[in-house]
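Tertiary structure, described
So the chains spell out like this:
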Amino acid sequence: MPDWKNNDEQVVNQLRQQHPELQQVEAALLKELATQLLAVYAHNPTPHSQEPAERFTHLRQERQHILQKLGLSDNYAQTGYSCPLCRDMMFIEKGGEWLPCSCWEEVHQQRKQQQAGISPKMQQQTFATFSLDYYAPDKYIPGRNYSYQEQASRVLAACQEFVVKVTAREKPRGLYIYGDTGRGKTHLAAAISNALLAQEVEVSYVATSAFLSSLRSSYEEGSDPSQSESHIMAELGRVTVLVLDDLGVDQFTPWAVEKFYHLINLRYMAGLPTVYTSNIPLADLDSNMGVGGASIRIVSRIAETCDLYLLDGIDIRFWKK
Ligand SMILES: [Zn+2]
């Protein structure tokens, strides 16, 4: 059979219209594949795993048979496969069993990242792409006998250790990473989230301002009931690790302080760790929030549950660039 590759969508569509049996079997295959993907995604493989595998094999044979009759090759509808391992089926057969291909793992990871609130840009921000070169090796932190680069290296190690402990189901203390804007705090917050997701740990990443505005919009008329305040609070209050990025004082009204305290208190009661990043040292957070008692309670909860890390001192050579 000629290896006829055809990139012309119109021709492919015509073929499928002329041969409804081909269209049917391909649709059935896709449906079967989607069902299996969902089962794997939900960590809930169907109880009789042999059965769908047989259905799948049967449908593929049927499709093969139709293609043969029509003189079409297996890849008649495409110019090439993006994954040659599984020929874009996302599953590979091993000893009669259908197992997810490595390309599916990638898709799975991306989907988890999206659900956790990680943007495509942040998906690239990992421990591996975090460079200590940006931090001044020759500038010493006032009052301390080590450089900003050494400090950044400590922060990185603390973040990695946090991931290791959470993955080992220990309950580590949370982290409060502070420093001026543009010092790599969000990169580390993303790296922690990505590393935990890769280990199948439940994570929610949320910018503090986005958390507060999602609460505000939950009060609007006709808003999605699955996004009500109590749902958001319950969800973020019970997730294994919460990453609250960019805790800034400008976001806080007395209402916001109250809501924020409610969330961190939920996690405190449940003994769940939270990672915060902020451009304000914790000692100054309360006076900067400036709303009295409630902000003092926030600071004391964070102090009680988190280790504090300064991340600062971008090397002057990188500022010039
Ligand atoms: Zn593949």
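These lines cover the structure that appears in this document, whether it is placed above or below. Keep in mind that this is a model prediction, so the values were computed, not measured. (Residues numbered from 1 in each chain as written. Predicted model: local features only at pLDDT ≥ 70, side-chain atom pairs only at ≥ 80, totals over all residues.)

**A word on the overall build of the protein chain**
Inclusion rule: Elements are defined by DSSP. Helices are runs of H or I of four residues or more, strands are runs of E of two residues or more, and each kind is numbered from the N terminus. Residues with at least 20 neighbouring C-beta atoms inside 10 Å of their own are called buried, those with 12 or fewer are called exposed, and the rest are partly exposed, where every C-beta is derived from the backbone. By the criterion used throughout, residues are in contact when their C-beta atoms, derived from the backbone, lie within 7 Å.
Secondary structure summary: the protein chain contains 13 helices and seven strands in total. Out of the 321 residues belonging to the protein chain, those deemed buried represent 25%. Within the protein chain, contacts between residues at least 6 apart in sequence are counted, and of these 72% link residues at least 24 apart.

**Quick notes on the packing of helix α6 (residues 148–167) against helix α7 (residues 185–198)**
Threshold: Structural elements are reduced to axes, namely lines fitted to C-alpha atoms, with helices fitted over the stretch in contact, and the angle between N-to-C directions of any two is expressed from 0 to 180 degrees. An angle below 35 degrees is treated as roughly parallel, one above 145 as roughly antiparallel, one from 65 to 115 as roughly perpendicular, and anything else as oblique. With the far helix as reference, a near helix turned anticlockwise by less than a right angle produces a left-handed crossing, and one turned clockwise produces a right-handed crossing. Three residue categories are used. Nonpolar comprises Ala, Val, Leu, Ile, Met, Phe, Trp, Tyr, Cys and Pro, charged comprises Asp, Glu, Lys and Arg, and polar comprises the others, including Gly.
The geometry of α6 relative to α7 is characterised by a closest axis approach of 10 Å and an angle of 25 degrees between their N-to-C directions. By the criterion of interaxial angle, the relationship of α6 to α7 is roughly parallel. Remark: the crossing between α6 and α7 carries right-handed chirality. Facing Val-155, Cys-159, Phe-162, Val-163 and Val-166 of α6, the residues of α7 in contact are Leu-188, Ala-191, Ile-192, Ala-195 and Leu-196. Of the residues in the contact of α6 with α7, the class split is 10 nonpolar, no polar and no charged.

**Focus on the nonpolar core**
Short version of the rule: We call a set of buried Ala, Val, Leu, Ile, Met, Phe, Trp, Tyr and Cys residues a nonpolar core when their C-beta atoms link them within 7 Å.
Core analysis: the biggest nonpolar cluster contains 51 residues, and Cys-159, Ile-192 and Val-243 have the highest contact counts within it. Each residue touching Val-243, except ones within four places of it in the same chain, is listed here: Ala-189, Ile-192, Ser-193, Val-203, Tyr-205 and Val-275. Among the nonpolar cores identified, the runner-up in size contains five residues, and Phe-56, Met-90, Trp-98 and Trp-104 belong to it.

**Quick notes on the sheet that holds strand β5 (residues 241–247)**
For the record, the criterion: Note on pairing: two strands pair once DSSP finds at least 2 bridges between them.
Reading across from one edge, β4-β5-β6-β3-β7 is the order of the five strands in this open sheet, with parallel pairing throughout. Each having just a single partner strand, β4 (203–207) and β7 (306–310) make up the two edges of the open sheet. The mean angle between the axes of side-by-side strands here comes to 15 degrees, regardless of whether they run parallel or antiparallel. Sitting on the sheet, helix α8 (residues 208–218) touches β4 and β5, and the angle it makes with β5 is about 100 degrees.

**A look at the pairing of β5**
When you tally the buried positions in β5, you get six out of seven residues, the bulk of the element. Pairing of β4 with β5, which is carried by five bridges, proceeds in the parallel orientation. Bridge pairing in β5 places Ala-207 opposite Asp-245. For β5 and strand β6 (residues 274–278), the ladder comprises four bridges, and the chain directions are parallel.

**Re α7**
What counts here: In this scheme, a helix's expected span is set at 1.5 Å multiplied by one less than its residue total.
Its 14 residues give α7 an end-to-end C-alpha distance of 20 Å, which sits within 8% of 20 Å, the value for a rise of 1.5 Å per residue. Two residues or fewer past α7, Glu-200 is found with a positive phi of approximately 65 degrees.

**Focus: the pairing of strand β3 (residues 174–178)**
Counting buried residues in β3 gives five out of five residues, a clear majority hidden from the surface. Because side chains alternate across β3, one face comprises the buried residues Gly-174, Tyr-176 and Tyr-178, and the other comprises Leu-175 and Ile-177, equally buried.

**A few points about unusual backbone geometry**
Residues other than glycine seldom take positive phi values, yet Arg-169 does so here, at roughly 60 degrees. Given 8 C-beta atoms within a 10 Å radius, Arg-169 is considered exposed. A positive phi angle, near 60 degrees, is found at Asp-246, a position not held by glycine. Asp-246 gets classed as partly exposed once you count the C-beta atoms within 10 Å, which come to 18.

Any functional reading would require information that these geometric values do not contain.
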